[in-house]
Amino acid sequence: MSQFRSYVAIWTTDPARPEITQQGELLACGPVKDVIETAAHPIPAWVTIAGFADDDTAKKWFESVEDQVDGTALLFPAHPEPVWWPSEREGDRPEWSGRLSPPQERLGVFVSVWADITHLEPFLDYAQHFKWTVEHHGGASLGSGPMPTVLKGGPGPTAMALMAWPTSEAAFAWYDSADYVPYRNNRHTSSNATVVSVAALGLADEGTHR
């Protein structure tokens, strides 16, 4: 996968597949595959995920396709540097993590997180420290940020995040893992979230729903 600096996530009730006309890549565009949490926002029927070289390119692209999509469109940053790992677990960090270039086989299902923060400091601590568990359990943490730019619709969340997994089963195994559960509990006490997934373009629906 190309190293993006910006992502656009579109949550909508209406199917639409906008074309990429600027420098970027349409990563996912389809019906919601898995519903993981529902505390912050109504579940969208359709999710589009696209990656771009920078914010300006993303905004120019969205201007060219805005009339093709409905719902809420959000712009947020890719991770600018490798995710934090505990010092005692650094030996387990995958080689690609330092290059911000996850292998294609990890990008089968994209998980989009819409978060409304209720307690800022503990949420920021969570956001800084949980991402290593994603990489350790076979996924990729791609981007996140507070107060994403609302390109259309709204109001938007107070934080947005994007992860990827080979399959839905892998994502749910991480979600219930001993490594992640303490972080997840901290997130639940500092925010509300709606979390959904969408299959990568061109891949069959392999996952489970729950």
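Definitions and limits used
Counting from 1, residues in each chain are numbered in the order their sequence is written. A pLDDT threshold of at least 70 governs which residues receive local features in this predicted model, and a stricter bar of 80 or more applies before side-chain atom pairs are shown or counted, although totals over entire chains, interfaces and linings include all residues. Water and hydrogen atoms were dropped before computing side-chain values, which therefore reflect all heavy atoms in the structure. Throughout this description, the term nonpolar core refers to a set of buried Ala, Val, Leu, Ile, Met, Phe, Trp, Tyr and Cys residues connected via side-chain atoms within 4.5 Å. Only protein chains enter the accessibility calculation, which uses a 1.4 Å probe; a residue is then buried when its area is under 20% of its type maximum, exposed when over 50%, and partly exposed in between. Strands are runs of DSSP state E lasting at least two residues, helices are runs of H or I lasting at least four, and both sets are numbered from the N terminus onward. Whether two residues touch is decided by their heavy atoms; if any such pair falls within 4.5 Å, the residues are in contact. Any two strands with at least two DSSP bridges between them are considered paired. All axes are obtained by fitting lines to C-alpha atoms, using only the stretch in contact for helices, and the reported angles, taken between N-to-C directions, cover 0 to 180 degrees.

Caption draft 1: Molecular detail of the nonpolar core. Counting 24 residues, the largest nonpolar core has Y7, W11, V47, I49, F110, L142 and L162 as its most contacted members. Where this core is concerned, the elements lending two or more residues are strand 1 (6–12), strand 2 (24–31), strand 4 (46–52), strand 5 (72–77), strand 6 (109–117), strand 7 (140–146), strand 9 (159–165) and strand 10 (191–199).

Caption draft 2: Molecular detail of the environment of Q128. Within the secondary structure, Q128 sits in helix 2 (residues 120–129). Taking C-alpha positions, Q128 is 35 Å from Q68, a pair spaced 60 residues apart along the chain.

Caption draft 3: Structural view of helix 2. Burial in helix 2 covers these residues: F123, Y126, A127 and H129. Among the structural elements, strand 6, helix 3 (131–136), strand 9, helix 5 (181–190) and strand 10 are those in contact with the buried residues of helix 2.

Caption draft 4: Quick peek at the sheet that holds strand 4. Reading across from one edge, 2-4-1-5-8 is the order of the five strands in this open sheet, with antiparallel pairing throughout. With one partner strand each, in any of the chains shown, strand 2 and strand 8 (149–152) form the two edges of the open sheet. With direction set aside, neighbouring strand axes in the sheet form an average angle of 20 degrees. Where strand 2 lies against strand 4, seven bridges are found, and the strand directions are antiparallel. For G24, the partnering residue across the bridge sits in strand 4 and is F52. The sheet strands contacting helix 1 (residues 55–65) are strand 1, strand 4, strand 5 and strand 8, and the helix crosses strand 1 at an angle near 35 degrees.

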